[in-house]
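The lines below spell out each chain.
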Amino acid sequence: MLDLNWNFLFEPDPSSGDLIWKMIGTGLGNTLKLSIAAWIIAMGLGITIGAARTGKRKTLAKLGDGFAEFFRNIPLIVQMFLWFFVVPNWIPILKSVDYSTYQFISAVLALGLFTAARVSEQIRAAILAMPRGQRAAGEALGLRGTQVYRYILLPMALRICIPSLTSDTMSLIKNSTVALTIGYAELMFRSVKEVAETNFRFFEVYAILTILYIGISMMANRVMRYVEGRVAVPGYITSKA
């Protein structure tokens, strides 16, 4: 039988003196900050690059393709190490910031750019799946290239690929655990490195981790499903909020 003891959550940590539940709560907050910041980068950059890859400017399209192929084909953990250990040698100003801030910036950039490459592929596929007549109709109305994307193609493409963007959002939250490899005190690092390995309550800690990650992911899923239902276009998206 397992010797379960949940009271340890309300005890001070032997090494830091902080209450254990507060340490886990701090890790949860850091995970949310990391995930939200990386999500903003991923969506903004991914949508822009995805649109550029379908445009008429071949140079921009090739640069977008190169970005997507580069960041999609390098494992996330390798990118995390590159941003943390290698890039500061090229951008010395990063070495002058606070160490915890430097860890956060490295993790956000690695996670954000990795996910942006995936988002750009979703946007590119959604735009190419749309009837060519929509682009032609916009041009016939006198809209410039950027206006065609802003008012016609992107609004429809985003509606089409919301289900795949939901999957990318949930993957981003789970991928945030890779930040522990550079010592960023996110949820996994706080729970395992600073709690479980000190208090030897591995089962309880992993059970809490499982519940928290399921809760965060399901919350993101429900928000995206609600948005999907609100902006659904008949014939393209059939789900309801």
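Everything here concerns the structure above.
What to know about the overall build of the protein
Stage number 1. Looking only at helices and strands, one finds nine helices and zero strands in the protein.
Stage number 2. Counting from the amino terminus, the protein carries its helices and strands in the arrangement α-α-α-α-α-α-α-α-α.
Stage number 3. With the principal axes as the frame, the protein shows a C-alpha extent of 70 × 45 × 25 Å.
Stage number 4. Counting the 241 residues in the protein, one finds 42% classified as buried.
Stage number 5. Contacts in the protein between residues far apart in sequence, at least 24 positions, make up 71% of those at least 6 positions apart.
Stage number 6. When the accessible area of the protein is evaluated, it comes to approximately 13200 Å², of which 65% is carbon and sulfur surface.
Stage number 7. Mean positive and mean negative side-chain charge positions of the protein (24 and 15 charges, respectively) differ by 17 Å.

As for the pattern of salt bridges
Stage number 1. Scanning the entire structure with this criterion turns up seven salt bridges.
Stage number 2. Across the pair glutamate 69 and arginine 72 runs a salt bridge whose closest N-O atoms are separated by 3.8 Å. Of this pair, glutamate 69 and arginine 72 both sit in helix H2 (residues 58-72), separated by three residues, roughly a single helical turn.
Stage number 3. A relative accessible area of 37% places arginine 72 in the partly exposed class.

Things to note about the packing of aromatic side chains
The description of two aromatic rings rests on the distance between their centres and on the angle between their planes.
Stage number 1. What the rule picks out here adds up to eight aromatic pairs.
Stage number 2. Ring geometry for phenylalanine 67 against phenylalanine 71: centres 4.6 Å apart, planes inclined by 45 degrees, an arrangement best described as tilted. In this pair, phenylalanine 67 and phenylalanine 71 are both assigned in helix H2, four residues apart and thus about one turn of the helix distant.
Stage number 3. Judged by relative accessible area, which is 16%, phenylalanine 67 ranks as buried.
Stage number 4. Where phenylalanine 84 meets tyrosine 99, the ring centres are 6.2 Å apart and the plane angle is 75 degrees; that geometry is what we call edge-to-face. Note that phenylalanine 84 is positioned in helix H3 (residues 76-86) and tyrosine 99 in helix H4 (residues 99-129), a separation of 15 residues in sequence.
Stage number 5. Take phenylalanine 84: its relative accessible area is 8%, and that puts it in the buried class.
Stage number 6. By way of ring pairs, the aromatic residues Phe81, Phe84, Phe85, Tyr99 and Tyr102 are connected into one cluster.

Reading guide: rules and limits
Residues numbered from 1 in each chain as written. Predicted model: local features only at pLDDT ≥ 70, side-chain atom pairs only at ≥ 80, totals over all residues. Heavy atoms only, no water. Helix = DSSP H or I, 4+ residues; strand = E, 2+ residues; numbered from the N terminus. Buried < 20%, exposed > 50% of the residue type's maximum accessible area, 1.4 Å probe, protein only. Contact = heavy atoms within 4.5 Å. Areas by Shrake-Rupley, 256 points an atom, 1.4 Å probe, with all protein chains shown as cover. Lys, Arg positive; Asp, Glu negative; His and termini not counted. Charge placed at Lys NZ, Arg CZ, Asp CG, Glu CD. Salt bridge = Lys/Arg side-chain N within 4 Å of Asp/Glu carboxyl O. Phe/Tyr/Trp six-rings, centres within 6.5 Å; stacked < 30°, edge-to-face > 60°.

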